[in-house]
Amino acid sequence: MSNQITITLPDEIYQKAEHFARLANRDLASVLVDTIQFSIPPISQEAANLEPVSKLSDQQVLELTELQMKPEEDSRLTELLDRQQAGILTESEHPELQALMQIYQEGLLRKATALSEAVKRGLIKELNA
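The structure contained in this document is the topic of the report that follows. (Residues numbered from 1 in each chain as written. Predicted model: local features only at pLDDT ≥ 70, side-chain atom pairs only at ≥ 80, totals over all residues. Heavy atoms only, no water.)

Here we come to the overall build of the protein chain. Secondary structure summary: the protein chain contains six helices and zero strands in total. Written out in order from the N terminus, the α and β elements of the protein chain read α-α-α-α-α-α. For 129 residues, the compact-globule estimate of 2.2 N^0.38 gives 14 Å, and the protein chain exceeds it by more than 25% at 20 Å. Once the C-alpha set of the protein chain is aligned to its principal axes, its extents read approximately 50 × 45 × 35 Å. Across the 129 residues that make up the protein chain, the buried fraction comes to 16%. In the protein chain, the share of contacts with a sequence separation of at least 24, taken over all contacts with a separation of at least 6, comes to 58%. Split by element, the accessible area of the protein chain, about 10400 Å² in all, is 54% carbon and sulfur. (Helix = DSSP H or I, 4+ residues; strand = E, 2+ residues; numbered from the N terminus. Rg over C-alpha atoms; globule rule 2.2 N^0.38 Å. Buried < 20%, exposed > 50% of the residue type's maximum accessible area, 1.4 Å probe, protein only. Contact = heavy atoms within 4.5 Å. Areas by Shrake-Rupley, 256 points an atom, 1.4 Å probe, with all protein chains shown as cover.)

Turning our eyes to something else, we now look at the layout of surface pockets. The gaps of empty space that remain are located by a probe, the size of a water molecule, rolled over the atoms. Here the largest pocket defines a volume of roughly 760 Å³. Every residue lining the largest pocket is counted, 25 residues in all, and those nearest its centre are Leu67, Ile103, Glu106, Gly107 and Arg110. Here the element with the most residues in the lining of the largest pocket is helix H6 (residues 94-120); it accounts for 10 residues. Here the lining of the largest pocket is composed, by residue class, of 13 nonpolar, five polar and seven charged. When its volume is computed, the second largest pocket comes out at roughly 320 Å³. Forming the walls of the second largest pocket are Ser2, Asn3, Gln4, Ile5, Thr6, Ile7, Ala29, Leu32, Val33 and Ile36. Here the lining of the second largest pocket is built from residues that sort into six nonpolar, four polar and no charged. (1 Å grid on protein atoms, 1.4 Å probe; cavity = no way out; pocket = protein on both sides within 12 Å on 5 of 7 lines; lining within 4 Å. Points joined across faces, edges and corners; volume = space filled by probe spheres on them. Nonpolar A, V, L, I, M, F, W, Y, C, P; charged D, E, K, R; others polar.)

With that settled, consider the environment of Ser30. By the element assignment, Ser30 lies in helix H2 (residues 28-39). Residue Ser30 is classed as partly exposed on the basis of its relative accessible area of 21%.

Another aspect to go through is the side chain of Thr65. Here Thr65 is to be found in the loop between helix H4 (58-64) and helix H5 (71-86). Reaching out from Thr65, the side chain makes a polar contact with the backbone oxygen of Leu62 at a distance of 2.5 Å. (Polar contact = N/O pair within 3.5 Å; in protein donor to acceptor, adjacent residues only side chain to side chain.)

Its identity as a non-glycine residue notwithstanding, Asn25 has a phi of 55 degrees, on the positive side. Tracing the chain through its elements places Asn25 in the loop between helix H1 (11-23) and H2. For Asn25, a relative accessible area of 73% gives the class exposed.

Attention shifts here to the pattern of salt bridges. Scanning all chains against the criterion turns up seven salt bridges. Across the pair Arg76 and Glu79 runs a salt bridge whose closest N-O atoms are separated by 2.8 Å. Of the two residues, Arg76 and Glu79 are both situated in helix H5; the distance of three residues between them amounts to about one turn of the helix. Classification of Arg76 by relative accessible area gives partly exposed; the value is 22%. Using a relative accessible area of 40% as the deciding quantity, one classes Glu79 as partly exposed. (Salt bridge = Lys/Arg side-chain N within 4 Å of Asp/Glu carboxyl O.)

Below you can see the structure in the form of structure tokens.
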């Protein structure tokens with residue numbers, strides 16, 4: 001299934017994409033679809049089913065601004081990342097690392113969204129202020 005949308009691109013981005021499409025001998029639409037597909041990380045079913053932060057109560061939003069990985073997950077993620085950097089990560093550890101990275105990235109996105117919402121609602125001061 002496909003959906004058609006209309007977007008307005010800044011001239012610089014349009015020209016960059018058009019130039020790339022010509023160099024790759026591809027149509028512009030397929031280049032843009034691939035770019036979007038590869039730039040948006042996968043989202044777990046659990047994360048997809050979460051209530052949007054904008055619909056949460058003030059208290060729930062504030063709680064999310066403090067969101068952190070479970071200590072055991074954080075510890076294991078650090079261990080696996082160290083093993084990967086040292087070049088000793090086993091093939092069987094790759095899926096575990098990917099799963100923990102997804103948990104980390106989804107949590108970070110949720111926390112950042114909550115921080116933005118908390119500032120928007122006046123629950124906390126802007127972080128750069």
